[in-house]
Amino acid sequence: MPASSHFIQESAHELTWSDTLLLGFGPMDDTHREFVSLIGAMQAAPVDDLPGLLEALIVHVQAHFAMEDEWMMKTDFPAQACHMNEHAAVLQSVLKTRQRLAEGDIARCRRLAEELADWFPAHADYLDSALAHWLCKRQFGGKPVVLRRNNQRALGSRQ
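Participant: Any chance you could break down the overall build of the protein for me, citing the residues and the numbers?
Facilitator: Secondary structure assignment for the protein yields five helices and zero strands. In the protein, the order of α-helices and β-strands from amino to carboxyl end is α-α-α-α-α. The contacts of the protein with a sequence gap of at least 6 include a subset with a gap of at least 24, amounting to 73%. Counting only carbon and sulfur atoms, one obtains 55% of the accessible surface of the protein, whose full area is about 9000 Å².

Okay, structure coming up:
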């Protein structure tokens, strides 16, 4: 197999961290940075690295979603059912991909990384930003303050 076939073609939507993904709630932003890093690594990884990266993603997603779900339940977040259902659906897809990868379905694992790269920015913009706002208001009495670098490329993609 040629060396180039061990790597995924560069994605039309490679997920990388930028300030446009900041939501202003530190623990959430830190977790999101890790998520973005894992997805980016999966998008670019050689085939032999995919099983380990997928396992790291599973561990991360389970902790990430459990943490956000706990915040929502403890604070009576109004949109918790919708948000938690989305988390459960994504986790189920990730776990099914583990099984498919064990059966040799590398393409399914690659597709998962691409789909998560497409899904995450909208999820963060809509559901997670509302949760960050809710948590900051309850903890600090106001909206989150987010300072972003002036990155024209990132700004153009988020408008």
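Participant: Break down the packing of aromatic side chains for me, citing the residues and quoting the values.
Facilitator: In this description, an aromatic ring pair is defined by two values, namely the gap between the centres and the angle between the planes. Inspection of the entire model under this criterion finds six aromatic pairs. With 5.0 Å between their ring centres and 45° between their planes, Phe 35 and Phe 120 make a pair best called tilted. In this pair, Phe 35 sits in helix H1 (residues 26-44) while Phe 120 sits in helix H4 (residues 106-140), placing the two residues 85 residues apart along the sequence. Judged by its relative accessible area of 0%, Phe 35 is buried.

Participant: Could you give me a rundown of the side chain of Asp 29, with the residues and numbers involved?
Facilitator: Secondary-structure assignment places Asp 29 in helix H1. Buried charged residue Asp 29 carries no salt bridge. Nearest counter-charge: Arg 33, at 5.6 Å. Asp 29 has contacts with Trp 17, Leu 21, Leu 22, Leu 23 and Gly 24, leaving out every residue within four places of it along the chain.

Participant: I'd like a description of unusual backbone geometry, backed by residues and values.
Facilitator: Generally, phi is negative for residues other than glycine and the peptide bonds are trans, each holding for most cases. The phi angle at Asp 76 is positive, at roughly 55°, despite the residue not being glycine. One can find Asp 76 in the loop between helix H2 (50-74) and helix H3 (80-102). Residue Asp 76 is classed as exposed on the basis of its relative accessible area of 58%.

How each quantity is defined
Residues numbered from 1 in each chain as written. Predicted model: local features only at pLDDT ≥ 70, side-chain atom pairs only at ≥ 80, totals over all residues. Heavy atoms only, no water. Helix = DSSP H or I, 4+ residues; strand = E, 2+ residues; numbered from the N terminus. Contact = heavy atoms within 4.5 Å. Areas by Shrake-Rupley, 256 points an atom, 1.4 Å probe, with all protein chains shown as cover. Phe/Tyr/Trp six-rings, centres within 6.5 Å; stacked < 30°, edge-to-face > 60°. Buried < 20%, exposed > 50% of the residue type's maximum accessible area, 1.4 Å probe, protein only. Lys, Arg positive; Asp, Glu negative; His and termini not counted. Salt bridge = Lys/Arg side-chain N within 4 Å of Asp/Glu carboxyl O.

None of this, on its own, says anything about what the molecule does.
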